[in-house]
Amino acid sequence: MQQKGGKTGIYINRIYCMDCMELMGRMPDGSVSMILTDPPYGISYQNKFTARKYPVLEGDGGIDYKRFAAESYRILKEDAHAYVFTRFDCYPYHYQCLVEAGFTVKNCMVVEKGTVGGIGDLTGSYANNAGWVIFCQKGRRAFRHTTLMENKGKEGAVRRGRKEANRKYKTRFNACWFDPEYPKATYNSTWPKRSGIYHPTIKNMVFLSWLVQISSDPQELIFDGFMGTGSTALAAIQTGRNYLGAEIDRGYFEICQRRTGNPE
């Protein structure tokens, strides 16, 4: 897999309008450096409590998650990270599939959303204000050194009971991102109208870019098989990484193309 396609016929820095499984099936073993994706949960999600009604996402009736997990493990390089969005009620099955595929699940991140969810039992259940992300590894890879967040302690000082001096910037982050210092998982409710981009599960590009910087190096290849409106691709572009992915819905695929500036 090369910039100009190579023997696989797959170009990097492209999004393909096709089923994720088809694209992954054409990719060589160990060809991507990081996976960052939000697969359909099989719940036929539709937000009915907004002025703009979104259609049910194509494929959201369910995917072959065991196959998806196995293919993700196959195409990922050794000693690399994968981030897979999930829900509280889907987490046990998704966790099981990823572990059976060979992944080591390290954490389930819980990240504040920009807008409180408006579905479900509105008077007898808690509002959904957090996104869940399974963080797993193939082998082991240490987090990269970034300038995303400064440590609160003085640089160079040695804390009691520790041998290493404080670094200026954090290399260990919390699994729960509800602090104002962290980006939110999704945009607030006014963002779609301001941007003209509508999708029921769109993710905050800044949040994705943090994960990309923490778990990959510049010029490495980031894969998202469920691109939606292309936020993962934009996060890769803005952080100096390459990207590759698929989006099965023609309308959302065309939004991806406009946002990334790529030809079809």
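Calculation notes
Residues numbered from 1 in each chain as written. Predicted model: local features only at pLDDT ≥ 70, side-chain atom pairs only at ≥ 80, totals over all residues. Heavy atoms only, no water. Helix = DSSP H or I, 4+ residues; strand = E, 2+ residues; numbered from the N terminus. Contact = heavy atoms within 4.5 Å. Areas by Shrake-Rupley, 256 points an atom, 1.4 Å probe, with all protein chains shown as cover. pLDDT = per-residue confidence, 0-100. Buried < 20%, exposed > 50% of the residue type's maximum accessible area, 1.4 Å probe, protein only. Arc of directions from axis to C-beta. Pairing = 2+ DSSP bridges. Core = buried A, V, L, I, M, F, W, Y, C linked by side-chain atoms within 4.5 Å.

With that settled, the discussion passes to the overall build of the protein chain. A tally of helices and strands in the protein chain yields seven helices and eight strands. Sequence separation of 24 or more characterises 68% of the internal contacts of the protein chain that already satisfy a separation of 6 or more. On the protein chain, roughly 13600 Å² of surface is accessible, and the fraction owed to carbon and sulfur atoms is 48%.

Bringing the confidence of the model for the protein chain into the picture now. When pLDDT is averaged along the protein chain, the result is 86, and 80% of the positions lie at 70 or above. Scored below 50 in pLDDT, residues 43-54 shows 30 contacts in the model against residues more than four places distant or in partner chains.

Glancing now at helix α2 (residues 65-75). All buried positions along α2 are accounted for by Tyr65, Phe68, Ala69, Glu71, Ser72 and Ile75. For α2, the arc enclosing every buried residue in end-on projection is 170 degrees, short of the 170-degree limit, so these residues lie on one face. Of the surrounding secondary structure, the elements contacted by the buried residues of α2 are α1 (20-25), β2 (32-37), β3 (76-86), α3 (91-101) and β7 (221-224).

Moving on, we get to the pairing of strand β8 (residues 242-246). Within a regular beta strand, the side chains point alternately toward one face of the sheet and then the other, so they alternate between its two faces. For β8, a buried count of five out of five residues is recorded, marking the element as mostly surrounded by other parts of the structure. Of the two faces of β8, both are covered, the one formed by Asn242, Leu244 and Ala246 as well as the one formed by Tyr243 and Gly245. In terms of strand pairing, strand β1 (residues 14-16) meets β8 through three bridges, oriented parallel. What sits directly across from tyrosine 16, in β8, is alanine 246. Bridge analysis of β7 against β8 gives four bridges, and the strand direction is parallel.

Glancing now at the nonpolar core. Among the nonpolar cores identified, the biggest contains 33 residues, and Leu36, Tyr83, Trp177, Phe207 and Leu211 are the most heavily contacted of them. When residues of this core are traced back to their parent elements, those giving at least two are β2, β3, β4 (104-112), β5 (130-138), α5 (205-215), α6 (231-238) and α7 (250-260). Once you skip the residues sitting within four places of it in the chain, leucine 211 turns out to touch Met34, Leu36, Tyr83, Met109 and Trp177. Counting residues in hydrophobic clusters, the runner-up holds 31 residues, among them Leu76, Cys97, Leu98 and Leu244.

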